[in-house]
Amino acid sequence: MDEQVLQAMRRWPQVPACAGWLGLDARGQWWIRDAQALPWPRGDEGVLDKQGASRLLHEGLCGFVARNYQPDAQGCWYFQNGPQQVYVELEAAPLILRLQVDAQAARWSTHTGVDCEVLEAWLDQRGRVWLRTSAGPGLLHSLDVVLLEPWLDDALTTLRLPGAAPLALQPVQTEEVESCLGFSASPSALARWR
């Protein structure tokens, strides 16, 4: 966490948290609403309704959010904005993972720029790859799913990336992902905000 954030938390320890303003899409992009929505509206298959929201494009602001982004004890992820916790509505997962792979090694990193190790993996009925990592629960970026093809067995049950131990790809239903990986995709839907 940034030192200025830690100082603000010490100076104003009782600032209430908020939800319904900040979202993270399935491609690792931050979105901010023009008005609070409790819960944040969703379309088909849980996609965040981005009407009335704008994508954060300023690199410095996106970096600040990423550096100060973490989970609470209940698996809700938030951005520590000075003394205030701003809970993040997740279109898919708290972390969107990117993969770089060549013949010698594979490297995983989060959308927040943190290198991580994959501990467990799941495949849902839509072909999405969910991951438990050393940085937290995540979803493999849709553009990187194709990178797995040479390293998957024919049954789609084992991933053998170069330089890594074989990784079982367990089946999971989309509606079970949050409980399986231990996160809450919609903090704004919780009763404490109403």
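For the structure, check the block above.
Below or above, wherever it landed, is the structure these notes cover.

Analysis parameters
- Residues numbered from 1 in each chain as written.
- Predicted model: local features only at pLDDT ≥ 70, side-chain atom pairs only at ≥ 80, totals over all residues.
- Heavy atoms only, no water.
- Helix = DSSP H or I, 4+ residues; strand = E, 2+ residues; numbered from the N terminus.
- Polar contact = N/O pair within 3.5 Å; in protein donor to acceptor, adjacent residues only side chain to side chain.
- Contact = heavy atoms within 4.5 Å.
- Core = buried A, V, L, I, M, F, W, Y, C linked by side-chain atoms within 4.5 Å.
- Buried < 20%, exposed > 50% of the residue type's maximum accessible area, 1.4 Å probe, protein only.
- Pairing = 2+ DSSP bridges.

**Details of the side chain of Asp 72**
- Inspection of the secondary structure puts Asp 72 in the loop between strand E4 (69–71) and strand E5 (77–81).
- A distance of 2.9 Å separates the side chain of Asp 72 from the side chain of Tyr 87, its partner in a polar contact.
- In contact with Asp 72, other than residues within four places in its own chain, are Tyr 78, Tyr 87 and Arg 192.

**Section: the nonpolar core**
- If you look at the biggest cluster of nonpolar residues, it comprises 40 residues, and the most contacted ones within it are Leu 22, Trp 30, Tyr 69, Trp 108, Trp 130, Leu 131 and Phe 183.
- When residues in this core are grouped by element, the largest group, 4 residues, is from strand E7 (residues 95–101).
- The contacts of Tyr 69, once residues within four sequence positions are left out, are Leu 24, Trp 30, Trp 77, Tyr 78, Phe 79, Val 88, Leu 90, Pro 94, Leu 95, His 111 and Thr 112.
- Core analysis: the second largest hydrophobic core is formed by 5 residues, Ala 19, Cys 76, Tyr 78 and Tyr 87 among them.

**Some details on the sheet that holds strand E10 (residues 118–123)**
- Taken in spatial order, the 8 strands make up an open sheet running E9-E8-E7-E12-E11-E10-E14-E13, and their pairing is mixed. What marks the edges here is a single partner per strand, and that holds for strand E9 (115–116) and strand E13 (158–159).
- Of the pairings in the sheet, the one linking E7 to strand E8 (residues 106–110) comprises 5 bridges and is antiparallel in character. The residue of E8 that forms the bridge with Leu 99 is Trp 108.

**A word on the environment of Ala 164**
- Looking at the secondary structure, you find Ala 164 in the loop between E13 and strand E14 (167–171).
- On the basis of relative accessible area, Ala 164 is assigned to the partly exposed category, the value being 43%.
- In the structure, Ala 164 is positioned 47 residues away from Glu 117 in sequence and 9.9 Å away in space, judged by C-alpha atoms.

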